[in-house]
Amino acid sequence: DFAPVRDENGTAYSFWVAESMENRLINVDFTGKILHTVTNPDFKQLYKVEIGKGGNLFVADKGAQRIFIYDKELKFVEAVSWEWSGFAVSGDDDVLYRIFFTQETGLLTLVAQNREKQILRETELLLPIHLNPELCWVDESKQECLITYTPKTGFAGKFMVALVGFDGTVRKTTEMTAPIAMNRYIERYNNKVWIADADFNTAP
């Protein structure tokens, strides 16, 4: 996975990359030069990386089942629990959003936590019974988030995509053909939605 680093005008000037071969994070400029490297003995299977507007670096690790957080000086801050279900970083204060499954209710809970470890939001999401949910992004201005999931009938080449309000209600759903071997297949930037499409079977 990779995430762009942007200046105050929103222009990307480098990328943070979750580099699986050596299990590290590397910051690469547009010429390919490695600017910074982050390693951690607890890294096991890096999955998704995000950069907050506040400059904090977040990387989810499937093997460790944690999100590792680093500040803008690349100093390790903490590792928080994670259920393989995506995450999002929002706002100038880099609020971390995660979703957690509750076995007793069969529902997901959207949890927002600030950098002072205060819980700002806990909302049960009224999605139907499903498998493998993934939080793609949150929009605090619209009070909603986007979640993909597999229907309860199982995976048949498609995901469900749901726009869910911060009140827990489902506002809209649609189907989406699942990409092959791709972590980041749906993205939102400047109020536009981007869908990644690639055939890895025919790639050189």
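Refer to the structure printed above.
Residues numbered from 1 in each chain as written. Predicted model: local features only at pLDDT ≥ 70, side-chain atom pairs only at ≥ 80, totals over all residues. Heavy atoms only, no water.

A. Quick peek at the pairing of strand β1 (residues 2-6). Of the two faces of β1, only the one carrying Ala 3 and Val 5 is buried; Phe 2, Pro 4 and Arg 6 on the other face are not. Relative to strand β2 (residues 12-19), β1 runs antiparallel, the two sharing five bridges. The residue bridging Pro 4 from the neighbouring strand is Phe 15, located in β2. Turn length for the β1-β2 hairpin, with the two strands adjacent in sequence and antiparallel, is five residues, and the turn residue Gly 10 shows positive phi of about 90 degrees. (Buried < 20%, exposed > 50% of the residue type's maximum accessible area, 1.4 Å probe, protein only. Helix = DSSP H or I, 4+ residues; strand = E, 2+ residues; numbered from the N terminus. Pairing = 2+ DSSP bridges.)

B. Structural context of the nonpolar core. Tyr 97, Leu 110, Leu 135 and Cys 145 are the most contacted members of the largest nonpolar core, which totals 18 residues. For this core, the secondary-structure elements that each account for two or more residues are β10 (95-102), β11 (107-113), β13 (130-139), β14 (144-151) and β15 (158-165). The contact partners of Cys 145, leaving out residues within four places of it in the chain, are Leu 110, Leu 135, Trp 137, Val 138, Ala 162, Leu 163, Val 164 and Phe 166. Counting 14 residues, the second-largest nonpolar core is a separate cluster that includes Leu 25, Phe 43, Leu 46 and Phe 68. (Core = buried A, V, L, I, M, F, W, Y, C linked by side-chain atoms within 4.5 Å. Contact = heavy atoms within 4.5 Å.)

C. Focus on the sheet that holds strand β16 (residues 170-177). Taken together, four strands build an open sheet; the order of strands is β13-β14-β15-β16 and the sheet is antiparallel. Every interior strand has two partners, whereas the edge strands, β13 and β16, have only one. Each strand of the sheet is rotated relative to its neighbour by a mean of 25 degrees, with strand direction disregarded. Pairing between β14 and β15: six bridges, direction antiparallel. Its bridge partner lying in β15, Ile 147 is registered against Ala 162. (Axes fitted to C-alpha atoms, helices over the stretch in contact; angles between N-to-C directions.)

D. Just the environment of Ile 34, in detail. Relative to the assigned elements, Ile 34 resides in strand β4 (residues 34-38). With 141 residues separating them along the chain, Ile 34 and Glu 175 place their C-alpha atoms 39 Å apart. Contact partners of Ile 34, with chain neighbours within four places excluded, come to Arg 24, Ile 26, Asn 27 and Val 28.

Purely geometric numbers; function is a separate question.
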